[in-house]
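As a plain string of letters, each chain reads:
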Amino acid sequence: MKKNWDLFIDGGYRPAISGKRFTVENPWNGETIASVAEGEAADIEAAIDAAERAFGGWSSLSGAERGDIMHRAADHLKKRLPELVTIEIDQIGRARREMTAQMARLPEWFSYFAAVARTHEDTAPPFAGDYLNYTKRVPLGVVGHVTPWNHPLLILTKKVAPSLAAGNTMVVKPSELAPITSLLLGEILKEAGVPDGVYNVVPGFGATAGAALTTSARVRKLDLTGGTETGKRVAAAAGANLVKIAAELGGKAALIAFEDMNIERVVAATLFASFIATGQTCVQGSRLLVHRSIHDEVVKRLVERVAHIRLGAPQDEATQLGPMVSQRQRDTVERYVRIGVEEDGATLAYGGTRPDGDAFDKGYFIKPAIFINVRPDMRIAQEEIFGPVVCVIPFDSEEEAISIANGTEFGLATSIWTRDIARAHRVAHKLLSGITWINDHHRIDPASPWGGFKMSGLGRENGLVAYEEYTQIQNIIVNLSDTEFDWYADDGQPKRYS
Ligand code: TXE
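Position numbers for residues start from 1 in each chain and track the written sequence from start to end. In keeping with the predicted nature of the model, local features appear solely for residues at pLDDT of at least 70, side-chain atom pairs appear and are counted solely at 80 or more, and the whole-chain, interface and lining totals rest on all residues. Each side-chain value is derived from all of the structure's non-hydrogen atoms; neither hydrogens nor water enter the calculation.

**Student:** Honestly, the pattern of salt bridges in this entry has me stumped. Any pointers?
**Tutor:** Side chains bearing opposite charge may pair, as long as their charged atoms lie close to each other. Salt bridge, as applied in this entry: a Lys or Arg side-chain nitrogen positioned within 4 Å of an Asp or Glu carboxyl oxygen. A full pass over the atoms with the stated rule returns 31 salt bridges. Residue Asp-49 is joined to Arg-218 by a salt bridge in which the shortest nitrogen-to-oxygen separation is 2.4 Å. Taken together, the residues Asp-49 in helix α1 (residues 41–60) and Arg-218 in the loop between α8 (206–214) and β10 (221–225) connect sequence positions 169 residues apart. The exposure class of Asp-49 is partly exposed, given its relative accessible area of 32%. The class of Arg-218 is partly exposed, set by a relative accessible area of 25%. In this structure, Asp-377 and Arg-375 form a salt bridge, with 3.3 Å as the shortest nitrogen-oxygen distance. Note on classification: 1.4 Å probe, protein chains only; a residue is buried when its accessible area is under 20% of the maximum for its type, exposed when over 50%, partly exposed between these limits. A residue is classified by how much of its surface remains accessible, and Asp-377, at 55% relative accessible area, is exposed. The class for Arg-375 is partly exposed, based on a relative accessible area of 39%. Secondary structure elements are defined from DSSP: runs of H or I of at least 4 residues count as helices, runs of E of at least 2 residues count as strands, and each element is numbered from the N terminus.

Put into structure tokens, the structure is as follows:
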């Protein structure tokens, strides 16, 4: 991989106007993997200029023409996946088996939204009188994407594909911890035929580049994935300029395991939901609500099985869990482990400490943590930790499980584990949860809406709704009558509404 990266603006690389650079660290060994141009407000302005210039051309292509280019983008992306996977692992420390599985699906987003661009149909709503009435969905203009480090290219792809399909041009501010794959996507889109200036990337920090993009009145929509506090700040800035906002923010997902579920399946589900991505995912299973009658057996098996998860070098195929992304994120987890231990009643049944051994010395490792005897009102059961920590909470009735599941400020995702089909749907319908899986967790599809209730965010990614949210409606009302109409004439003709 090349070591020096610049901003990607107007189809090419260029240094930051200030000449500043920052470094990207490998969280597995602390080594610097790249030096990246550090964009600030002036660079964001230059990127918006380029995106504004490109808008006329890109938005005037037909949906089918944009769709063809996006299908080529899917093909190019597929070819470059091995390189992208390796870079993503170096940037964020996630295990190769996870990144390979996740990133293999990214081309589907371009294919799906290419098909939407080609097949989208507008509407002809009824309109009283002799009228032809139709709507057109037209692009918004320049849109801004602010993305995080936990699934850098997946989250960006979820925003870029519908933006492109709808005919928008864009400026991306990737996470300062993981900007490289976003830059490489620029090369891939260019190769596929996306015109220069349609896709621009300005790496930099939230307080400078991020703030410049999100306070710009020239951007017509902001789409952020990040922490809830950042979401509030960005939404306030967007409000000041009446800019549309989509925000995918924090979560406190629960798994609800009923007594009719096979114990081994509950245990496997919890390990997968809670610890994949070293717990650094918005839909992480941070609470296991388990029926009291199977609680002890589930806890026993969880503790037995978690001890066998293999921590290690993220690039190694055999590794099951990598380090956390940064010192800061590990500090947060360790702080919450202390809070949990100090809170009256909760017991740390496993993990929460750094693993022993030279292999783990330089990386931000932490052993997956299981808390038991947790009460729903404890801080560890309420606040987003964003790490490999699960709080096990027993329940006695369906109503109690629903109330605990809904009892946080978040509402992103929940999974229900039961063989009882009526109960599964009954519970799902009472959850304040944007995404609800029944007998599964962490499943996503480009066609299926993704986003949260309450403080988990605004708007939806994926699906037709995401395409529509990257458009605005133009309503065209055609009078089909040749009868002359003169409101002010005293001609004895009936007037409108009279
Ligand atoms: O996120 P930030 P951080 C949560 C998770 C995590 C916490 C902090 O709980 O522990 O957030 O993580 C940009 N104006 N999630 O600090 O800061 C920033 O540069 C404009 C959940 O990494 O929210 C980055 O590009 N932009 C989440 C992006 O926002 C600003 C994924 C996200 O960073 C900005 C990540 C500002 N004022 C963290 N401040 C999820 N939903 O999956 C920051 N940014």
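**Student:** Which parts of the structure should I look at to understand the packing of aromatic side chains?
**Tutor:** Given two aromatic rings, their pairing is described by the distance between the two centres and the angle made by the two planes. In this scheme Phe, Tyr and Trp rings, the latter by its six-membered ring, pair at centre separations within 6.5 Å, and the angle between planes marks the pair as stacked below 30 degrees, edge-to-face above 60, and tilted otherwise. Counting across every chain of the model gives twelve aromatic pairs. Residues Tyr-112 and Phe-113 carry aromatic rings whose centres are separated by 4.8 Å and whose planes lie at 85° to one another, so their mutual orientation is edge-to-face. Judged by its relative accessible area of 0%, Phe-113 falls in the buried class. These aromatic residues form a ring-pair network of at least three members: Trp-5, Phe-8, Tyr-13 and Tyr-199. Two conditions define a charge located above a ring, namely a distance within 6 Å from the ring centre to NZ of Lys or CZ of Arg, and an angle within 35 degrees of the ring normal. Sitting over the ring of Trp-5, Lys-2 keeps its end group 4.3 Å from the ring centre. The side chain of Lys-2 reaches across the aromatic face of Tyr-13, ending 4.2 Å from its centre.

**Student:** Would you mind going over the nonpolar core with me for this structure?
**Tutor:** The nonpolar side chains of soluble globular proteins are, as a tendency, buried together. Throughout this description, the term nonpolar core refers to a set of buried Ala, Val, Leu, Ile, Met, Phe, Trp, Tyr and Cys residues connected via side-chain atoms within 4.5 Å. Ranked by internal contacts, the top residues of the largest apolar core, which has 60 residues, are Phe-110, Phe-113, Val-160, Leu-164, Leu-185, Leu-189 and Tyr-199. Contacts were defined at the residue level, with two residues in contact if any of their heavy atoms lie within 4.5 Å. Setting aside anything within four residues of it in sequence, one finds Val-160 in contact with Phe-110, His-145, Met-170, Leu-185, Leu-189 and Tyr-199.

**Student:** Can you walk me through the packing of helix α2 (residues 63–79) against helix α6 (residues 152–166) in this structure?
**Tutor:** Packed helices, taken two at a time, are described by their axes: the angle between them and the distance between them. Lines fitted to the C-alpha atoms define the axes, with helices restricted to the stretch that makes contact. Angles between their N-to-C directions range from 0 to 180 degrees. Taken N-terminus to C-terminus, the directions of α2 and α6 make an angle of 160°; their axes are 9 Å apart at the nearest point. In terms of their interaxial angle, α2 and α6 are classed as roughly antiparallel. The hand of the α2/α6 crossing is right-handed. Counted together, Arg-66, Met-70 and Leu-77 of α2 and Leu-153, Ala-161, Leu-164, Ala-165 and Ala-166 of α6 form the full contact between these two elements. A class-by-class count of the residues in the contact of α2 with α6 yields seven nonpolar, no polar and one charged. In this scheme, roughly parallel covers angles under 35 degrees and roughly antiparallel covers those over 145, while 65 to 115 is roughly perpendicular and the rest are oblique. A clockwise turn of the near helix away from the far one marks a right-handed crossing, whereas an anticlockwise turn of less than a right angle marks a left-handed crossing. Each residue is assigned to one of three groups, with Ala, Val, Leu, Ile, Met, Phe, Trp, Tyr, Cys and Pro labelled nonpolar, Asp, Glu, Lys and Arg labelled charged, and all others, Gly among them, labelled polar.

**Student:** Help me out: how do you make sense of the sheet that holds strand β5 (residues 32–37) in this one?
**Tutor:** Remark on secondary structure: sheet strands pair via backbone hydrogen bonds, oriented parallel or antiparallel. Pairing is mixed in the open sheet, where three strands are placed in the order β1-β5-β4. For this open sheet the edge positions go to β1 (4–5) and β4 (21–25), each flanked by a neighbour on one side alone. When DSSP finds two or more bridges between two strands, those strands count as paired. Alignment of β1 against β5, held across two bridges, turns out to be parallel. Across the sheet, the residue bridging to Trp-5 is Val-36, located in β5.

**Student:** Help me understand the layout of surface pockets, please; the structure alone is not making it clear to me.
**Tutor:** Over the atoms, a rolled probe matching the size of one water molecule traces out where space is still vacant. Buried and open spaces are told apart on a 1 Å grid over the protein atoms alone, a cavity being a set of points where a 1.4 Å probe fits but cannot get out and a pocket being an open set with protein on both sides within 12 Å along at least five of seven lines. Residues with an atom within 4 Å of a point are the lining residues. Grid points are joined across faces, edges and corners, and a volume is the space filled by probe spheres set on the points. Its volume calculated, the largest pocket comes out at about 1200 Å³. If you trace the largest pocket, you find 43 residues lining it, with Gly-226, Gly-227, Thr-228, Thr-230 and Arg-328 closest to the centre. Taken together, the elements giving at least two residues each to the lining of the largest pocket come down to α8, β10, α9 (228–240) and α12 (327–342). Among the elements that make up the lining of the largest pocket, the one with the highest residue count is α9 (seven residues).

**Student:** Help me out: how do you make sense of α2 in this one?
**Tutor:** Side chains that are three or four residues apart share a direction in an α-helix, a result of its 3.6 residues per turn. Each residue after the first adds 1.5 Å to the expected span of a helix. Its 17 residues place the ends of α2 24 Å apart at the C-alpha level, agreeing with the 24 Å of an ideal helix rising 1.5 Å per residue. Within α2 the residues assigned to the buried category are Gly-63, Arg-66, Gly-67, Ile-69, Met-70, Ala-73, Ala-74, His-76 and Leu-77. Buried residues along α2 sit in contact with α1, α3 (81–92), α5 (106–119), α6 and α7 (180–192).

**Student:** Looking at this structure, how should I read the UniProt feature "active site" (unreviewed entry) in the chain?
**Tutor:** UniProt positions are given in the numbering used here, feature names are shortened, and annotations may be inferred rather than shown by experiment. Mapped onto this structure's residue numbering, the UniProt feature "active site" (unreviewed entry) falls at Glu-248. Relative to the assigned elements, Glu-248 resides in strand β11 (residues 244–248). What makes Glu-248 buried here is its relative accessible area of 4%. Those residues within four positions of Glu-248 in sequence are excluded, and the remaining contacts are Lys-158, Leu-224, Thr-225, Gly-226, Cys-282, Leu-412, Trp-450, Ser-456 and Glu-461.

**Student:** Looking at this structure, how should I read the sheet that holds strand β19 (residues 435–438)?
**Tutor:** Pairing is mixed in the open sheet, where seven strands are placed in the order β14-β15-β16-β13-β12-β18-β19. Looking along the sheet, the strands with just one partner apiece sit at the ends: β14 (347–350) and β19. Adjacent strand axes in the sheet meet at a mean angle of 25° when their direction is disregarded. Together, β12 (254–257), β13 (287–291), β15 (369–372), β16 (389–395) and β18 (413–417) form the strand contacts of helix α10 (residues 263–275), whose direction differs from that of β12 by roughly 175°. Here α12 sits on the sheet in contact with β14, β15 and β16, set at roughly 20° to β15.

**Student:** Please explain the packing of α2 against α5 as it appears in this structure.
**Tutor:** Between α2 and α5, the shortest axis-to-axis distance is 8 Å and the interhelical angle comes to 170°. Considering their axes alone, α2 and α5 lie roughly antiparallel with respect to each other. Of the residues in α5, those touching α2 at Gly-63, Ala-64, Gly-67, Asp-68, Met-70, His-71, Ala-73, Ala-74, Leu-77 and Lys-78 are Leu-106, Pro-107, Phe-110, Ser-111, Phe-113, Ala-114, Ala-115, Ala-117 and Arg-118. Taken together, the residues of the contact of α2 with α5 sort by class into twelve nonpolar, four polar and three charged.

**Student:** Just to check I follow, could you spell out the environment of Ile-294 for this structure?
**Tutor:** In this fold, Ile-294 is placed in helix α11 (residues 292–306). As a C-alpha pair, Ile-294 and Phe-258 span 36 residues in sequence and 8.3 Å in three-dimensional space. Ignoring any residue separated from it by four or fewer positions in sequence, one finds Ile-294 in contact with Ala-257, Phe-258, Glu-259, Met-261 and Ile-263.

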